[in-house]
Amino acid sequence: MAKKRKIAIYWLGSCGGCDEAIIDLNESLLELASEVDIALWPIAIDAKYASIERLGDRELALSIIHGNVRNSEHEEMAHLLRRKSQVVLAFGTCACFGGTSGLANFLKPNEIQNWVYGEAPTVVNRAKTRPQAETTVGGNHLTLPVLLDQVHSLNQVIAVDYYLPGCPPPVDLIAQAVRAVIEGKLPPRGSFLAPHKALCDSCPRNSAKPPKIELTHIRRIHEVDEDSATCFLARGVICLGPATRDGCGATCLSINTPCSGCFGPVEGVDDSGAKFLSALASLIRAQSDSEVSGILDTIPDPAGCFYRFTQPSSILGRHRK
Amino acid sequence: MTTFEPKIVCFSCNFGWGYLTDPEVREMQIKHWIPVVCSGKIDATHILKAFRSGADGVLILGCVDGDCHFQDGNYQTRKKVQLLQRVLPSFGIDPRRVRIELSLDPEGNSIRKIVEDMGRDLRPMGPLGMKEISAKPVATR
């Protein structure tokens, strides 16, 4: 019997939702397990990092890595898996673009720690304790991973072969991607294993979009009546669909929630936040600068809204200190 | 002591600014001058890439309000700039580093002065230094 190829599934700075999405493959997972050996998958099997270190270079046919790179352990594991893998798949939005926790890049690391361990109203920390990377307990010297100065997408740390965005990626795209890797039917390296067009292209509300949208108000979702057919932007609700890659199956839209951009930029675009900003500005109708200003005042946290999932991979990158 | 001279990228509309002057002469006068077919052609991405490439400020010169050769490109870009100015502080960038001026100067003689005026306003802010910011991991310790 031919020796089965080995794969690894690993989490870096991740919430675990990507692992849940892989588990949602259901019976297909059994099929996958019959074709490959899973050498590492912390959420599902008991494998040690040392067993990965013992593998030869490029012995893993595929590493599926989700989560962003936030601390020194993530960085170390990303490099280890890169060295041991023929193909690295950046899986999910955090690995592809940095993800929601990448919004931390709008703050300095000490600002985050001061809030979480001091200033937040629910925190009582009179001793002003802060997490330490090293300590000695009972004569034993213990260490913990060190926080990096910013959140990174995976390709800022190691070379990535393929990308599968989504928060989390949908099951149909995961199955297609894994099948493509196993069968060796892959597009050119660097490709996104997802559609190239914008979400509006497949949005069920697109047909109800007026020929021209002119906004005199920006509204939040709770300020409009429920309507499952009309384009959100036409009603003044910010929907990042025009600047976001298709492939999610419009799941948010189907439950009357506008797109918040988890699939990242469409093919050929570096910075979906900047593209959406330009698109939204062009929809605003006002007679004067002050009128424009009044409309823009109603967008809470524009940077957080436009870069909710993509701050670390944005053109400007982290907050300039 | 060296005086900091801000690098200002100036996008200017061909239909409103300096179209009667030889472009080569204008290039000699203004260091980072990029004539464009319409100020409406400027996308937020162009402005961000200018910062990322080392610009300390970005100046956009468009036609007089209501007098765009292509209907309303200047109006569209002015709105983009207004929205971008609300996003830049989150990245630690002073919104005054982007400026838009809608006027008409076929000879283009005033461009140099507008660039110099903006440079004077930006000088106290110091260099933006985006080019030097690396995306490589650095431990906080």
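Residues numbered from 1 in each chain as written. Chains lettered and ligands numbered in written order. Predicted model: local features only at pLDDT ≥ 70, side-chain atom pairs only at ≥ 80, totals over all residues.

1. A few points about the overall build of chain B
Note the cut-off: Each helix corresponds to a stretch of at least 4 residues labelled H or I by DSSP, and each strand to a stretch of at least 2 residues labelled E; elements are numbered beginning at the N terminus. Each radius of gyration is computed over the set of C-alpha atoms, and the globule rule expresses the reference value as 2.2 Å times the number of residues to the power 0.38.
Secondary structure summary: chain B contains four helices and four strands in total. Starting at the N terminus and walking to the C terminus, you meet the elements of chain B as β-α-β-α-β-α-β-α. Over its C-alpha atoms chain B spans a radius of gyration of 16 Å, differing by no more than 12% from the 14 Å that the globule rule assigns to 141 residues. Principal-axis analysis of the C-alpha atoms places the extent of chain B at approximately 55 × 35 × 25 Å.

2. Details of the overall build of chain A
Worth spelling out the cut-off: Using C-beta atoms placed from the backbone, we call a residue buried if 20 or more other C-beta atoms fall within 10 Å of its own, exposed if 12 or fewer do, and partly exposed for counts in between. Think of it this way: build a C-beta for each residue from its backbone, and any pair within 7 Å is a contact.
Broken down by element type, chain A carries 11 helices and nine strands. The C-alpha radius of gyration of chain A comes to 22 Å, within 12% of the 20 Å expected for a compact globule of 321 residues. Summarising its shape, the C-alpha atoms of chain A cover approximately 70 × 55 × 30 Å along the three principal directions. When each of the 321 residues of chain A is scored for burial, the buried share is 41%. Intrachain contacts of chain A at a sequence separation of at least 6 include 76% that bridge at least 24 residues.

3. Quick look at helix 7 (residues 171-183) of chain A
Residues and elements named next belong to chain A. Defined as follows: Helix span, expected: 1.5 Å multiplied by one less than the number of residues in the helix. Working definition: the arc comes from the directions between the helix axis and the C-beta atoms, pointing outward to the latter.
For helix 7, which comprises 13 residues, the first-to-last C-alpha distance of 18 Å matches the rise-based estimate of 18 Å (1.5 Å per residue) to within 8%. Considered for burial, the residues of helix 7 that qualify are Leu173, Ile174, Ala177, Val178 and Val181. Down the axis of helix 7, the buried set is contained in an arc of 130 degrees. They therefore lie on one face. In helix 7, those exposed residues whose orientation departs by more than 90 degrees from the buried face are Asp172 and Glu183. The inward-facing, buried residues of helix 7 abut helix 1 (17-23), helix 2 (27-35), strand 3 (60-66), strand 5 (85-91) and strand 9 (162-164). Directly beyond the C-terminal end of helix 7, a positive phi value near 70 degrees is found at Gly184.

4. A few points about the sheet that holds strand 4 (residues 98-102) of chain B
Residue and element names in this part refer to chain B. This is how it is decided: Strands qualify as paired when DSSP identifies two bridges or more between them. Axes here mean lines fitted to C-alpha atoms, for a helix over just the part in contact, with angles spanning 0 to 180 degrees between N-to-C directions.
With respect to topology, four strands assemble into an open sheet ordered 2-1-3-4, the strand pairing being parallel. Each edge of the open sheet carries a strand with a single partner, namely strand 2 (32-36) and strand 4. Strand-to-strand twist of the sheet, defined as the mean angle between neighbouring strand axes without regard to direction, takes the value 15 degrees. As judged from the five bridges shared by strand 1 (residues 8-13) and strand 2, these two strands associate in the parallel manner. Directly across from Phe11, in strand 2, lies its bridge partner Ile34. Against the sheet, helix 3 (residues 73-87) contacts strand 3 (57-62) and strand 4, and its axis sits at roughly 155 degrees relative to strand 4.

5. Digging into the sheet that holds strand 9 of chain A
Strand pairing within a sheet occurs via backbone hydrogen bonds; the two strands may be parallel or antiparallel. Residue and element names in this part refer to chain A. Taken together, the five strands give an open sheet; going across it, the order is 2-1-3-5-9, and neighbouring strands pair in parallel fashion. The sheet is open, and its two edges are formed by strand 2 (36-40) and strand 9, each paired on a single side. Recorded for the sheet is a direction-independent mean angle of 25 degrees between the axes of neighbouring strands. Contacts between helix 4 (residues 72-84) and the sheet are confined to strand 1 (5-11), strand 3 and strand 5, with strand 5 contributing the most and set at about 135 degrees to the helix. Along the sheet, helix 7 contacts strand 2, strand 3, strand 5 and strand 9; its crossing angle with strand 9, the most-contacted strand, is approximately 160 degrees.

6. Remarks on the environment of Met77(A)
Residues and elements named next belong to chain A. Examined against the element boundaries, Met77 turns out to sit in helix 4. Exposure remark for Met77: the 22 C-beta atoms within 10 Å place this residue in the buried category. Counting along the chain gives 12 residues from Met77 to Ile65, while the straight-line C-alpha distance between them is 9.8 Å. Residues in contact with Met77, not counting those within four places in the same chain, are Tyr10 and Leu12.

7. Quick look at the domain arrangement of chain A
To keep it simple, the criterion reads: Domain segmentation is taken from an automatic or database assignment of domains.
Along its sequence, chain A is carved into domain 1 (5-100 + 148-183), domain 2 (109-146) and domain 3 (199-313). Between the C-alpha centres of domain 1 of chain A and domain 2 of chain A there is a distance of 30 Å.

8. Regarding the packing of helix 9 (residues 272-283) of chain A against helix 3 of chain B
The condition is simple: If an angle is under 35 degrees, it is roughly parallel; if it is over 145, roughly antiparallel; if it lies from 65 to 115, roughly perpendicular; otherwise it is oblique. With the far helix as reference, a near helix turned anticlockwise by less than a right angle produces a left-handed crossing, and one turned clockwise produces a right-handed crossing.
Running from N to C, helix 9 of chain A and helix 3 of chain B point in directions that differ by 125 degrees, and their axes come no closer than 8 Å. Between helix 9 of chain A and helix 3 of chain B, the crossing angle belongs to the class labelled oblique. When you trace helix 9 of chain A past helix 3 of chain B, the crossing you get is right-handed. In contact with Leu277(A), Ser278(A), Leu280(A), Ala281(A) and Ser282(A) of helix 9 of chain A, helix 3 of chain B contributes Gln76(B), Lys79(B), Lys80(B), Leu83(B), Leu84(B) and Val87(B).

9. A short note on the interface of chain B and chain A
Interface size is often expressed as the accessible area that is lost when the parts come together. Worth spelling out the cut-off: Only Asp, Glu, Lys and Arg are considered charged, only Ala, Val, Leu, Ile, Met, Phe, Trp, Tyr, Cys and Pro nonpolar, and every remaining residue, Gly among them, polar.
If you look at the interface, chain B gives 27 residues, while chain A gives 35 residues. Of all the secondary structure elements, the ones that give two or more residues to the side of chain B that touches chain A are helix 2 (44-52) and helix 3 of chain B. It is helix 3 of chain B that provides the largest number of residues to the side of chain B that touches chain A, a total of eight residues. Here the side of chain B that touches chain A is composed, by residue class, of 14 nonpolar, six polar and seven charged.

10. Notes on the pairing of strand 7 (residues 140-143) of chain A
Moving residue by residue along a regular strand, the side chains alternate between the two faces of the sheet. All names here are of chain A. Sheet topology note: the strand 6 (residues 134-137)/strand 7 ladder contains four bridges and is antiparallel. The partner of Glu134 across the bridge, within strand 7, is Thr143. Here strand 6 hands over to strand 7 after two residues, with Gly138 in that stretch at a positive phi of 55 degrees.

11. Quick notes on the packing of helix 10 (residues 289-296) of chain A against helix 3 of chain B
Each pair of packed helices can be described by the angle between their axes along with the distance between the axes. Contact geometry for helix 10 of chain A and helix 3 of chain B: axes closest at 10 Å, N-to-C directions at 45 degrees. One way to sum up the angle between helix 10 of chain A and helix 3 of chain B is to call them oblique. Considering the relative orientation of helix 10 of chain A and helix 3 of chain B, their crossing is right-handed. Along its contact with helix 10 of chain A, which presents Asp289(A), Val292(A), Ser293(A) and Leu296(A), the element helix 3 of chain B presents Lys79(B), Gln82(B), Leu83(B) and Arg86(B). Partitioned by chemical class, the residues of the contact of helix 10 of chain A with helix 3 of chain B number three nonpolar, two polar and three charged.

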